[in-house]
Amino acid sequence: MGATIIDGKKSAERVRAQVAGHVERLKSVHGITPGLAVVLVGEDPASQVYVRSKGKMTVEVGMKSIEHRLEASTGETDLLALISRLNADPEIHGILVQLPLPDHLDEDLVINAIDPVKDVDGFHILNVGLLGTGQKSMVPCTPLGCLMMLREHHGELSGLNAVVIGRSNIVGKPMAQLLLGDSCTVTIAHSRTRDLPDVVRRADIVVAAVGRPQMVPGDWIKPGATVIDVGINRIDAPEKGDGRTRLVGDVDFASAAAVAGAITPVPGGVGPMTIACLLANTVIACCRANGLAEPEGLTA
Ligand code: NAD
């Protein structure tokens, strides 16, 4: 039996439509336009693509998009001064500093300089602590998108065994916290985990966030399990012609889809939901900043 394909593009469209509805109300009823500032330091090509696409989608849902592109040689003092100005700007409700930063900049220092209320990436230490203790926080976009897709396709998650492969601060750890928040029994697996295939075989829900192309084969997957593939890996695709490449996830899609109950594809799964959740977080940040009721269904 083939798995249901979880269509991240459709889920993201729904989230964006909901966000656009709230933005329209904020504008027409309260005279407020949510604003998102994205700061990009340097010329990393992948980051440039992400920033462009974030800016385009921000405008499409009716919000204000401000981009600050700084030279790779920008010093810490100048970057912190910009963040300080954005923190104080009442027209900016969300601030995102595109990672990775050039090596000479201290990422923790920079992220923790963002006003936690405007920290739409959810990486500020205060938001990490709030999420970890089950309190209202800004939730990191990628794991939030995964949770929304799981709730939509799996329904009640309570009591299920969930295995998150990967323990990064931006995906693995917050994903585990969110699943715990929905009363899953959560295992975080990582590069030192023993008997990883056996650990994964016990999972009703598998979230793979490793960064290794097609590492998880179908015979690691429990029949009927839901598989969320966060990985984005570019591999050679000689079948498409010389020098051509394609994107694959951390899961071997073909063999996993033959046993799973539901699975996200790459591309078209988690990726589109990440940006949709960034827009959702910006609307939520705007509501919080203005003491307005938060839209329902757009956060954890
Ligand atoms: P990371 O490199 O920070 O973390 C990878 C984790 O995988 C580490 O915790 C490591 O312990 C674990 N790991 C490495 N080798 C392993 C192995 N052999 N077995 C088990 N675990 C192993 O990566 P990240 O930032 O968490 O990203 C993970 C993947 O998700 C990457 O492919 C990245 O491009 C992708 N990603 C996608 C989105 C999206 O929007 N779809 C967002 C963020 C990251």
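Asks: Hey, could you run me through the domain arrangement of the protein in this one?
Replies: A common way to state how big an interface is: give the accessible area lost once the parts meet. What the domain assignment lists for the protein is domain 1 (30–118) and domain 2 (141–272). Distance between the C-alpha centres of domain 1 and domain 2: 29 Å.

Asks: Sorry, what's going on with the site of the ligand here?
Replies: Near the ligand there are 22 residues, and of these Arg167, Ser168, Val230, Ile232 and Thr274 occur at the shortest range. Here Arg167 contributes a backbone N or O atom positioned 2.8 Å from an oxygen atom of the ligand. Protein contacts shield 72% of the accessible area of the ligand, which totals 860 Å² for the unbound molecule. Here the element with the most residues in the shell around the ligand is helix α10 (residues 270–289); it accounts for three residues.

Asks: Looking at this structure, how should I read the pattern of salt bridges?
Replies: Note on pairing: side chains with opposite charge can pair once their charged atoms come close. Evaluation of the coordinates by the stated rule reveals ten salt bridges. Two residues, Glu60 and Lys56, come together in a salt bridge whose shortest N-O distance is 3.5 Å. Of this pair, Glu60 and Lys56 both sit in helix α2 (residues 45–60), separated by four residues, roughly a single helical turn. A residue is classified by how much of its surface remains accessible, and Glu60, at 52% relative accessible area, is exposed. With relative accessibility at 53%, the residue Lys56 sits in the exposed group.

Asks: Could you clarify how one ought to interpret the side chain of Ser47 in this entry?
Replies: As for its placement among the helices and strands, Ser47 is situated in helix α2. When near neighbours in sequence (up to four residues on either side) are disregarded, Ser47 contacts Leu40, Gln98, Leu99 and Pro100.

Asks: Explain the pairing of strand β4 (residues 94–97) here, please?
Replies: Residues of β4 alternate between two faces, with Gly94 and Leu96 on one and Ile95 and Val97 on the opposite face, all of them buried. With four bridges connecting them, strand β2 (residues 35–41) and β4 associate as parallel partners. Bridging across to β4, Val39 finds its partner in Val97.

Asks: Is there a simple way to explain the layout of surface pockets in this structure?
Replies: A water-sized probe rolled over the atoms picks out the places where empty space is left. If you add up the space inside the largest pocket, you get close to 1,300 Å³. Every residue lining the largest pocket is counted, 41 residues in all, and those nearest its centre are Tyr50, Thr142, Ile232, Gly271 and Thr274. At the level of secondary structure, the elements contributing two or more residues to the lining of the largest pocket comprise α1 (8–30), α2, β4, α6 (141–154) and α10. Per-element accounting of the lining of the largest pocket gives the leading share, seven residues, to α2. Across the lining of the largest pocket, the residue classes break down as 24 nonpolar, eleven polar and six charged. The calculated volume of the second largest pocket comes to roughly 420 Å³. Lining the second largest pocket are 20 residues, and of these Asp108, Phe123, Val128, Asn169 and Ile170 sit closest to its centre. Put simply, the parts of the chain that give the lining of the second largest pocket at least two residues each are α4 (107–111), α5 (125–132) and α7 (172–181). Examining the composition of the lining of the second largest pocket, we find that five residues originate from one element, α5, more than from any other. Residues from two domains meet in the lining of the second largest pocket; each of domain 1 (30–118) and domain 2 (141–272) gives at least three.

What counts and how
Residues numbered from 1 in each chain as written. Predicted model: local features only at pLDDT ≥ 70, side-chain atom pairs only at ≥ 80, totals over all residues. Heavy atoms only, no water. Domains from an automatic or database assignment. Near = heavy atom within 4 Å. Polar contact = N/O pair within 3.5 Å; in protein donor to acceptor, adjacent residues only side chain to side chain. Areas by Shrake-Rupley, 256 points an atom, 1.4 Å probe, with all protein chains shown as cover. Helix = DSSP H or I, 4+ residues; strand = E, 2+ residues; numbered from the N terminus. Salt bridge = Lys/Arg side-chain N within 4 Å of Asp/Glu carboxyl O. Buried < 20%, exposed > 50% of the residue type's maximum accessible area, 1.4 Å probe, protein only. Contact = heavy atoms within 4.5 Å. Pairing = 2+ DSSP bridges. 1 Å grid on protein atoms, 1.4 Å probe; cavity = no way out; pocket = protein on both sides within 12 Å on 5 of 7 lines; lining within 4 Å. Points joined across faces, edges and corners; volume = space filled by probe spheres on them. Nonpolar A, V, L, I, M, F, W, Y, C, P; charged D, E, K, R; others polar.

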